[in-house]
Number of protein chains: 2
Amino acid sequence: MVVELEKHEAAGRAVPEPSLRRMPLYHRMLKQLMDGQRTQVTCTEIGLQLGFDPTQIRKDLEYTGIAGRPKVGYPLGALIAAIESFLGWNNVNDAFLVGAGNLGAALLGYPHFADYGLNIVAAFDRDEAKVGRAIHGKEVFPLSRLVGLAQRMHILIGIITVPEPAAQEVADLMAAGGMLAIWNFAPAHLKVPPQVIVHNENLYCSLASLSQKLAKSLAAKPGDAAPPSP
Amino acid sequence: MVVELEKHEAAGRAVPEPSLRRMPLYHRMLKQLMDGQRTQVTCTEIGLQLGFDPTQIRKDLEYTGIAGRPKVGYPLGALIAAIESFLGWNNVNDAFLVGAGNLGAALLGYPHFADYGLNIVAAFDRDEAKVGRAIHGKEVFPLSRLVGLAQRMHILIGIITVPEPAAQEVADLMAAGGMLAIWNFAPAHLKVPPQVIVHNENLYCSLASLSQKLAKSLAAKPGDAAPPSP
DNA sequence: TATTATTAGAGAAAAGTTTCTCGATAAAGA
DNA sequence: TCTTTATCGAGAAACTTTTCTCTAATAATA
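First, a word on what this report is: a plain description of the structure on this page. Every chain is numbered on its own, with residues counted from 1 as its sequence reads. Just so you know, chain letters begin at A and ligand numbers begin at 1, following the order they were written in. Only residues with pLDDT of 70 or above have their local features reported here, since the model is predicted, and side-chain atom pairs are shown and tallied only from 80 upward, although totals for entire chains, interfaces and linings are computed over all residues. Water and hydrogen atoms play no part in the side-chain values, which are based on all heavy atoms of the structure.

What follows concerns the overall build of chain A. The helix count covers DSSP runs of H or I at least four residues long, the strand count covers runs of E at least two residues long, and both are numbered beginning at the N terminus. If you tally the helices and strands in chain A, you get eight helices and nine strands. Sorting the 230 residues of chain A into buried and exposed places 48% on the buried side. For chain A, the share of sequence-separated contacts (at least 6 apart) that also reach a separation of at least 24 residues comes to 57%. A total accessible area of about 11200 Å² is found for chain A, and carbon and sulfur atoms account for 55% of it. Computed over 21 positive and 21 negative side-chain charges, the separation of the two mean positions in chain A equals 5 Å. For every residue, the accessible area (1.4 Å probe, protein chains only) is compared with the maximum for its type, and the residue is labelled buried under 20%, exposed over 50%, or partly exposed between those bounds. Here, residues are in contact when the closest pair of their heavy atoms is within 4.5 Å. Computed by Shrake-Rupley with a 1.4 Å probe, the accessible areas treat only the displayed protein chains as cover when residues are assessed. For this count, His and the chain ends are skipped, Lys and Arg are scored as positive, and Asp and Glu as negative. To locate a charge, take atom NZ for lysine, CZ for arginine, CG for aspartate or CD for glutamate.

Next up, the structure:
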């Protein structure tokens, strides 16, 4: 017997990655509209402001399980709530951050992560000089305590902001501590147990795309700005 | 008359974004192989280590214009050079960074950007307290000098690490200064002239993908780690 | 030298994503 | 009330990206 699942059922098929990544853009825009005392919004309007096709937005919003009405659109408050629920931003997850360097400090000071389901509760670092200090109100512990504290506090999310050579070792510790999701800012390909979700935030990957397009654009119309070697 | 272009010709068709974003992963891995005194590499080997399909890698590498040999693979040094050339990492571009906060400082201290075609030469900030100081050896200028200096120095790349409300204004200044590429770390949808390439590095977009998958994974098997409200 | 195993490269097929088309529905105006 | 207009929602079509299949080339081995 085959059980038909609703499209937006939790255990249903995977949601396209591009759709997932557009959700926060909708969310942000809708929040701003909400501040302007609006109560309804249409895909046409969202698309116009964000530069997306309205049909695409309709398909994306379908994943959240909300229904709109022709000629009117979607109820704003309910739509925002649906997105937050869909993304799991209702239940805030505690997280550990490893690597209290520049980037780590930046993330520790990032505003409003808690509004987006992420609560960084502590930092870890191998450097004894950093241990014991607090950064943006978050205490820094020695790396040796990571596994024990993660297990005891049931921490599910780990954030890696260490230099590349240490990244795999930190990932191993996180897996040993029972973490299920790793947000990896080190430019490294991590090997983890199958139950662990890894998201890589490799800046060089983004940079590659940017610089290739710029190089191509300069090659196409070598104007005033790009002096070729004379 | 129709002129047939080579696939890898500079003015040719657009390279898929996913392919572009995989290039730095190949580059990194190949560099490590190079350190191990290797001279040849096959797609099979790259795929095994990075977890990609070898055919996909072959298609990606085709864009760089390099040719491999059956049974042998690609010459390692030439392949690395081809990737760097393809991504425009040979000609280093100067860049200005605006927003000398936590994240800005992290980027100013990022290692080896110059090896990847990006040379951040100066920072800018609206905050008078930050102006005049140097962060990781890069001087901080007042925002008012951005346009003039960008024009004079022919700066093509701008990096935005200001809070969201100031992002559009900074983008406008960058466009006015003649910049052609913007790397935007603010969670904002920027409106820019058509010739300007914008790359958004919205952390909330990545976080959304991560937290949705984690929430789904927890919902699927509510094991020891996720205590439901009793 | 012939055979075998491996791999690049090209093209086809499959899978995934975006855009288009159309009917249904709801609101506003004639 | 009837017509017009705007928009949702569903399915089809177009496009993009990944994976598969096959051939030819190359080196190693018998």
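And the narrative resumes.
Here we come to the relation of the copies chain B and chain A. Residues reaching a pLDDT of at least 70 in both copies supply the C-alpha atoms on which the copies are superposed by least squares. The transformation that overlays chain B on chain A combines an axial shift of 0.0 Å with a rotation of 180°, and the residual RMSD is 0.0 Å. What the superposition gives is, in effect, a two-fold axis relating one chain to the other. Both copies contact each other with a shared surface, as 98% of the interface residues of chain B are interface residues in chain A too.

Further remarks concern the sheet that holds strand 9 (residues 197-200) of chain A. At least two DSSP bridges between two strands are required for those strands to pair. Taking strand neighbours across the sheet as the criterion, the seven strands line up as 5-6-4-3-7-8-9 (chain A) in an open arrangement whose pairing is mixed. One side of each edge strand has no neighbouring strand; the edge strands of this open sheet are strand 5 (134-135) and strand 9 of chain A. The pairing of strand 5 of chain A with strand 6 (residues 138-142) of chain A spans two bridges and is antiparallel. Looking at strand 6 of chain A, one finds that Ile135 of chain A is bridged to Lys138 of chain A. Each axis is a line fitted through C-alpha atoms, taken for helices only over the stretch in contact, and angles between the N-to-C directions span 0 to 180 degrees. Strands in contact with helix 8 (residues 203-220) of chain B are strand 3 (93-98), strand 4 (118-125), strand 7 (157-160), strand 8 (181-184) and strand 9 of chain A; relative to strand 9 of chain A, the strand with the most contacts, it is inclined by about 175°.

We now examine the sheet that holds strand 8 (residues 181-184) of chain B. Strand pairing in a sheet is mediated by backbone hydrogen bonds. Such pairs are either parallel or antiparallel. Across the sheet, seven strands lie side by side as 5-6-4-3-7-8-9 (chain B); this open sheet has mixed pairing. Single-partner strands in this sheet number two, and they are strand 5 (134-135) and strand 9 (197-200) of chain B. Of the pairings in the sheet, the one linking strand 4 (residues 118-125) of chain B to strand 6 (residues 138-142) of chain B comprises three bridges and is parallel in character. Bridge pairing in strand 6 of chain B links Ala123 of chain B to Val140 of chain B. Across the sheet, helix 8 (residues 203-220) of chain A touches strand 3 (93-98), strand 4, strand 7 (157-160), strand 8 and strand 9 of chain B, and the angle it forms with strand 9 of chain B is around 175°. Across the sheet, helix 7 (residues 164-176) of chain B touches strand 3, strand 7 and strand 8 of chain B, and the angle it forms with strand 7 of chain B is around 170°.

Quick look at the environment of Ile120 of chain A now. All names here are of chain A. Among the structural elements, Ile120 can be located in strand 4. According to the relative accessible area criterion, Ile120 is buried, its value standing at 3%. For Ile120 and Ile155, which are 35 residues apart along the polypeptide, the C-alpha to C-alpha distance reads 9.9 Å. Apart from residues no more than four positions distant in its own chain, Ile120 is found in contact with Ala95, Leu97, Leu107, Leu108, Phe113, Lys138 and Ile159.

Here a pair means two rings of Phe, Tyr or Trp (six-membered ring of Trp) with centres within 6.5 Å. Their orientation is stacked below 30 degrees between planes, edge-to-face above 60, and tilted elsewhere. Scanning all chains against the criterion turns up 20 aromatic pairs over all chains. Seen in terms of ring centroids, Tyr26 of chain A and Phe52 of chain A are 6.3 Å apart; in terms of plane orientation they differ by 90°. Their pairing is edge-to-face. Here Tyr26 of chain A is found in helix 1 (residues 17-35), whereas its partner Phe52 of chain A is found in the loop between helix 2 (43-50) and helix 3 (54-63), with 26 residues between them in sequence. Aromatic side chains Trp89 of chain B and Tyr116 of chain B sit 4.8 Å apart centroid to centroid with 80° between the ring planes, which places their arrangement in the edge-to-face category. With a gap of 27 residues between them, Trp89 of chain B in the loop between helix 4 (76-87) and strand 3 and Tyr116 of chain B in the loop between helix 5 (102-108) and strand 4 connect regions that are remote in the sequence. The class for Tyr116 of chain B is buried, based on a relative accessible area of 13%.

Turning next to the environment of His189 of chain B. With respect to the helices, strands and loops of the structure, His189 of chain B is situated in the loop between strand 8 and strand 9. A sequence separation of 82 residues divides His189 of chain B from Leu107 of chain B, and the C-alpha atoms of the two residues are 21 Å apart. Pairing of N or O atoms within 3.5 Å defines a polar contact, subject to two protein rules: one partner must be a possible hydrogen donor and the other a possible acceptor, and residues neighboring in sequence count only if both atoms are side-chain atoms. Here the side chain of His189 of chain B touches Gln49 of chain A through a polar contact of 3.5 Å, landing on its backbone oxygen.

Right, let's get into helix 1 of chain A. How far a helix is expected to stretch is found by multiplying one less than its residue total by 1.5 Å. With 19 residues, helix 1 of chain A should cover 27 Å at 1.5 Å per step; its first-to-last C-alpha distance of 29 Å lies within 8% of that length. Within helix 1 of chain A, burial applies to Ser19, Leu20, Arg22, Met23, Pro24, Tyr26, His27, Met29, Leu30 and Leu33 of chain A. In the core, the buried residues of helix 1 of chain A are packed alongside strand 1 (40-41), helix 2, helix 3 and helix 4 (76-87) of chain A together with helix 8 of chain B. At the C-terminal side of helix 1 of chain A, Gln37 of chain A shows a positive phi close to 70°.

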